[in-house]
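If you want the building blocks of each chain, they are given just below.
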Amino acid sequence: MVATRTAVVVVGAGPAGLTVANLLRRAGIACVLLEERSRGFIEQRPRAGFIEEWAVRGLEARGLGDKLVATAPRHEEFEFRFAGQRHVVRYGDVTGQRHFVYPQQLLVTDLVAQYTDAGGEAVFGARDVRLHDLTSDSPAVTFRTADGEHRVDCDFVAGCDGARGVSQGHLPPETTVKAHHDYGIGWLALLAEAPPSADGVLFGIHPRGFAAHMARTPTVTRFYLQTAPGETEADWPHERVWEELHARLTVPGGDIVEGELIEKRILDMHNYVVEPMSHGRLHLAGESAHLVAPIAAKGMNLALHDAFLLTEALQAHYAGDPTRLAGYSAACLPLVWQYQEFSLWLSEIFHNTAAATDNPFLARIAEARMRRLLGSPAAVAAFAELYIGKNADF
Ligand SMILES: Cc1cc2nc3c(=O)[nH]c(=O)nc-3n(C[C@H](O)[C@H](O)[C@H](O)COP(=O)(O)OP(=O)(O)OC[C@H]3O[C@@H](n4cnc5c(N)ncnc54)[C@H](O)[C@@H]3O)c2cc1C
């Protein structure tokens, strides 16, 4: 067993863990980053694409967003396609804020390079990561690599290992509330080798179910299709995918460009939040603490928000102020709940029109909400503020 010591062990090299590790290193706080997958794997894993302006500016202000800001296209409007018509929502006009479109794997690649190029200590392929003595003054993390068993003693553990990691399981059930919501539907997440069919995002609100189009790069486009409970990827051959995308998204003058499907994955649509996000010397950040289905493109933004707050709290601790760490969970959760609420609200517009046969009442309510949104500048302004994120002081 190889034993070492550091100040903070960061478990998980997603957007949350990489941001925490970079910022700790820049603040002169020793850390070790542990990731179970290979570097090559995480630098290729496609997931998010839309980052809210406040989060981009947060990365930029901390010296981590230069490439993103220099290269990412900006989006400040989207289109609802509803009842055979196009309805453009210019949320940038109302809020002065934009989304930056930057595939998550590019951000991960940038953050890994910034950390390792600057001499940051990272272990990829760390297996069987286990956390120990979290309520003592000196917790430890053990793991295995091809070289054998390792133990890192530390002051704190940052649990940034996502929804399937080990950190969340260390929160004691007797003092932890895990609030969970299941949408009861799936989304088929698709990546197509096709140029974007429109400059911006398209949301298709349709009796056959929700569909969406999101530009990713000039040659790759993301699409989503609402699916029935229990459906699998095998239920969605190429022909059915494109038939449904055309049916749900095409309007006169607005067609969909087809391409080879390079990713086809059913997402189980559910949300959760664990409270509090800390236990002893363990502090969770990102999806290890809260999952929000990608309805409103919020998850990575929340992961970055947590990472900023956790790093500031750890810096304050080492500067002699323990109050920020004690208040870390309470500082994160208001934004988490605002984003959960907005995603749930938006989900009812997106998905309930497809409930017309099962539940005509909810379908009509969704349509009424849609018409109010399209007909009222005040309703659009309220919507835009939440859609682009952390404008208001939640
Ligand atoms: C299809 C899709 C589209 C999305 N679109 C958007 C969007 O447009 N905007 C947005 O804001 N969000 C979006 N999201 C959500 C976003 O991808 C996540 O919220 C984000 O990845 C969370 O970051 P994280 O660092 O908390 O967790 P992750 O990215 O999950 O990172 C966790 C890391 O920990 C590692 N790990 C897990 N277990 C262990 C272990 N035991 N030991 C060591 N390492 C471990 C994992 O391999 C992973 O690298 C989308 C998600 C999906 C699935």
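Residues numbered from 1 in each chain as written. Predicted model: local features only at pLDDT ≥ 70, side-chain atom pairs only at ≥ 80, totals over all residues. Heavy atoms only, no water.

With that settled, the discussion passes to the sheet that holds strand β5 (residues 74-75). Strand order in the open sheet formed by three strands is β4-β8-β5, with antiparallel pairing between adjacent strands. At either margin of the open sheet sits one strand with a lone partner, and together these are β4 (50-52) and β5. As defined by bridge partners, β5 adjoins strand β8 (residues 99-101) across two bridges and the pair is classed as antiparallel. Among the inter-strand pairings, Arg 74 is bridged to a residue of β8, identified as Phe 100. Seen against the sheet, helix α3 (residues 53-61) touches β4 and β8 and runs at an angle of roughly 80° to β4. (Pairing = 2+ DSSP bridges. Helix = DSSP H or I, 4+ residues; strand = E, 2+ residues; numbered from the N terminus. Contact = heavy atoms within 4.5 Å. Axes fitted to C-alpha atoms, helices over the stretch in contact; angles between N-to-C directions.)

For the rest of this paragraph, the subject is the domain arrangement of the chain. As assigned here, the chain comprises domain 1 (2-73 + 99-179 + 271-342) and domain 2 (183-269 + 356-388). Its C-alpha centre places domain 1 at a distance of 30 Å from the equivalent point of domain 2. At the interface, 18 residues of domain 1 touch 18 residues of domain 2. In this assembly, domain 1 packs against domain 2 so that about 1,600 Å² is buried in total across both faces, 65% of it on carbon and sulfur atoms. Across the contact surface, domain 1 and domain 2 share zero salt bridges. (Domains from an automatic or database assignment. Buried area = accessible area lost by both parts, 1.4 Å probe. Salt bridge = Lys/Arg side-chain N within 4 Å of Asp/Glu carboxyl O.)

Between its first and last C-alpha, helix α7 (residues 238-249) extends 16 Å over twelve residues, near the 16 Å set by a 1.5 Å rise per residue. Of the residues making up α7, those classed as buried are Val 241, Trp 242, Glu 244, Leu 245, Arg 248 and Leu 249. Buried residues of α7 fall within an arc of 165° about the axis and therefore sit on the same side. Exposed and facing more than 90 degrees away from the buried side of α7 are Glu 239 and Glu 243. Looking at the buried positions of α7, the neighbouring elements they touch are β6 (78-82), β14 (177-193), β15 (201-205), β16 (211-215), β17 (221-227) and β18 (260-275). (Expected span 1.5 Å × (residues − 1). Buried < 20%, exposed > 50% of the residue type's maximum accessible area, 1.4 Å probe, protein only. Arc of directions from axis to C-beta.)

Quick look at unusual backbone geometry now. Following Glu 275, the chain continues to Pro 276 via a peptide bond in cis, the omega torsion being -10°. Among the secondary structure elements, Pro 276 is positioned in the loop between β18 and β19 (278-279). In the Ramachandran plot, Asp 128 falls in the positive-phi region, its phi being about 55° despite a non-glycine side chain. On the secondary structure map, Asp 128 appears in strand β10 (residues 127-132). Note on Asp 128: relative accessible area 38%, which makes it partly exposed.

Within the element layout of this structure, Arg 281 appears in the loop between β19 and β20 (282-284). Using a relative accessible area of 19% as the deciding quantity, one classes Arg 281 as buried. Once residues lying within four places of it in the same chain are set aside, the contact partners of Arg 281 are Leu 134, Ser 136, Asp 137, Pro 139, Asp 155, Phe 156 and Val 157.

Looking now at the pattern of salt bridges. For the coordinates displayed, the defined rule picks out 24 salt bridges. Between Asp 155 and Arg 5 there is a salt bridge, with its nearest N and O atoms 2.5 Å apart. With a gap of 150 residues between them, Asp 155 in the loop between β12 (148-153) and β13 (156-159) and Arg 5 in strand β1 (residues 2-5) connect regions that are remote in the sequence. The class for Arg 5 is partly exposed, based on a relative accessible area of 49%. Residues Arg 222 and Glu 263 are paired through a salt bridge, measuring 3.2 Å at the closest nitrogen-oxygen approach. Of this pair, Arg 222 sits in strand β17 while Glu 263 sits in strand β18; the two residues are 41 residues apart in sequence, bridging distant segments of the chain. Considered together, Arg 222 and Glu 263 belong to a single accessibility category, that of buried residues. Overlapping salt bridges bring together Glu 53, Arg 57, Glu 60 and Arg 98 as one network.

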